[in-house]
Amino acid sequence: MAKQVWGDGSVYYQVAVDLLGDTSVTARLYRWPQPGLRSAHRSRYEPSTGVETLHQGEMGCR
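Not measured: the values here are computed from a predicted model.

1. A word on the overall build of the chain
Okay, step 1: Of regular secondary structure, the chain possesses zero helices and three strands.
Okay, step 2: Helices and strands appear in the chain in the N-to-C order β-β-β.
Okay, step 3: Per-residue burial for the chain yields a buried fraction of 5% across its 62 residues.
Okay, step 4: Here the contacts in the chain between residues at least 6 apart in sequence split such that 4% fall between residues at least 24 apart.
Okay, step 5: Put simply, the chain shows about 6,200 Å² of open surface, and 53% of that area lies on carbon and sulfur atoms.

What follows is the structure, encoded as structure tokens:
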């Protein structure tokens with residue numbers, strides 16, 4: 001959902017996870033890197049750096 005770089009240089013990722021296996025999704029914040037974990041693949045897209053105002057507040061109904 002989001003990557004956070006804190007003032008002290010630490011990096012955290014906010015992710016949506018299903019911890020109970022019942023499709024109830026919870027947001028969690030994980031520090032990166034963690035021992036034993038690595039990136040599975042990289043995105044083809046550059047991360048956003050600002051607020052997207054073009055579609056902000058739209059419902060998407062057509």
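2. Description of unusual backbone geometry
Okay, step 1: W32 connects to P33 through a cis peptide bond whose omega is 0°.
Okay, step 2: By secondary structure assignment, the location of P33 is in the segment after β3 (26-32).

3. Considerations on the packing of aromatic side chains
Okay, step 1: Taken as a whole and judged by the stated rule, the model has two aromatic pairs.
Okay, step 2: Plain terms: the ring middles of Y13 and W32 are 6.3 Å apart, the flat faces sit at 90° to each other, and that makes the pair edge-to-face. Here the residue Y13 occupies a position in strand β2 (residues 11-17), and W32 occupies one in strand β3, the gap between them amounting to 19 residues.

The rules behind each value
Numbering of residues starts from 1 in each chain and follows the order in which that chain's sequence is written. Confidence filtering applies because this is a predicted model: local features only for residues at pLDDT of at least 70, side-chain atom pairs given and counted only at 80 or more, and all residues used for totals across whole chains, interfaces and linings. Excluded from the side-chain calculations are hydrogens and water; all other atoms, namely the structure's heavy atoms, are used. Secondary structure is summarised from DSSP: a helix means a run of H or I of at least four residues, a strand means a run of E of at least two, and numbering begins at the N terminus for each. With a 1.4 Å probe rolled over the protein chains alone, any residue whose accessible area is under 20% of its type maximum counts as buried; one over 50% counts as exposed, and the rest are partly exposed. By definition, residues are in contact when any of their heavy atoms lie within 4.5 Å. Computed with a 1.4 Å probe, the accessible areas rest on the Shrake-Rupley method; for each residue, only the protein chains presented here act as cover. Aromatic rings from Phe, Tyr and Trp, with only the six-membered ring used for Trp, were paired whenever their centres fell within 6.5 Å, and each pair was classed as stacked if the ring planes differed by under 30 degrees, edge-to-face if by over 60, and tilted otherwise.

Any functional reading would require information beyond the geometric quantities listed.
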